[in-house]
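Residue-level listing of the chains:
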Amino acid sequence: MPFLLLFLPVGLAAQRPLLDLSAGATDHAWRVSLSGAGTVALGSLTVGTGVRLTRYGGDAARYRTHEAPPAGASSRLPLAPGVWSLNLVVLGDLHLAGPIGAGANLDVAGIAWGRSQRAGTVRLAPARWSLFRYGDNDRGSLTSEFFVRATTRRLAWRAGVSHYVTGYRVAGGGARYLRFDTVPFVAVTWRV
């Protein structure tokens, strides 16, 4: 189904472009995203695709791998995320009543970059390629949001929960280490 949504808005005359800024944080993790998308209304459901630029940060926390760790390393390593990502995003928004709606969006594929880090003797860098494969099978760094929204004439105010993964890979193509965070977020969307 997400594959179909990637191409749905292409070529449809009723497209509505939007720009969105969202930020979420807890006491140990945060992310900020800027995205642009084209959307189309299908009755009370609006769907779309676009791109999202995200910056992830936070305190050092345990990243884990389900692969064989490098020699002399643990399956859990402490890292402080410092990752940027640029991903293709799919979105859906359901109109509920009046200006109120609810929806979700999901990064499906893209690229990530950031500074390398050391954990003991192991050197890790942000996993370059990102791909949604669900849970521990995810590659790279990806964001998803679940939200409620209130819309005015040109703006939509959103609030909800963001669930995201940041991924690092041992230098030289070794094991993948992942960290999942769930943070509350707020956002404003401008309908162009």
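That block above? That's the structure.
Residues numbered from 1 in each chain as written. Predicted model: local features only at pLDDT ≥ 70, side-chain atom pairs only at ≥ 80, totals over all residues. Heavy atoms only, no water.

Undergrad: Explain the packing of aromatic side chains to me, please; I cannot follow it from the model alone.
TA: Any two aromatic rings considered together are summarised by their centre-to-centre distance and by the angle between their planes. Overall, the coordinates contain three aromatic pairs when judged by the stated rule. Here the aromatic rings of Tyr-56 and Tyr-164 are separated by 5.1 Å at their centres, their planes lie at 40°, and the arrangement is tilted. Placement of the pair is Tyr-56 in strand S3 (residues 45-58) and Tyr-164 in strand S12 (residues 155-170), with a sequence separation of 108 residues. The pair formed by Tyr-56 and Tyr-164 is uniform in burial state, with each residue classed as buried. Measuring from centroid to centroid gives 5.4 Å for Tyr-63 and Tyr-168, while their planes differ by 90°, and the two rings are edge-to-face. Taken as a pair, Tyr-63 in strand S4 (residues 61-64) and Tyr-168 in strand S12 lie far apart in primary sequence, 105 residues in all. Just as Tyr-63 is buried, Tyr-168 falls in that class too. When the ring centre of Phe-185 is taken as origin, the NZ or CZ atom of Arg-31, which lies over that ring, is 5.5 Å away. (Phe/Tyr/Trp six-rings, centres within 6.5 Å; stacked < 30°, edge-to-face > 60°. Helix = DSSP H or I, 4+ residues; strand = E, 2+ residues; numbered from the N terminus. Buried < 20%, exposed > 50% of the residue type's maximum accessible area, 1.4 Å probe, protein only. Lys NZ or Arg CZ within 6 Å of the ring centre and 35° of its normal.)

Undergrad: What exactly am I supposed to notice about the pattern of salt bridges here?
TA: Pairing between side chains of opposite charge can happen when their charged atoms approach one another. Tallying each qualifying case throughout the model produces eight salt bridges. Look at the salt bridges and you will find they share partners, linking Asp-20, Arg-31, Arg-52, Asp-107, Glu-145 and Arg-158 into a network. (Salt bridge = Lys/Arg side-chain N within 4 Å of Asp/Glu carboxyl O.)

Undergrad: How should the pairing of S3 be read in this particular structure?
TA: Within a regular strand, side chains alternate between the sheet's two faces. In the sheet, strand S2 (residues 29-42) pairs with S3 via 14 bridges, with the strands oriented antiparallel. Pairing of Gly-36 across the sheet is with Val-51, part of S3. Here S2 folds back onto S3, and the loop between the two strands holds two residues, one of which, Gly-43, carries a positive phi near 70°. Here S3 runs beside strand S6 (residues 82-97); their pairing, made up of 13 bridges, is antiparallel. Paired with Arg-52 across the bridge in S6 is Asn-87. (Pairing = 2+ DSSP bridges.)

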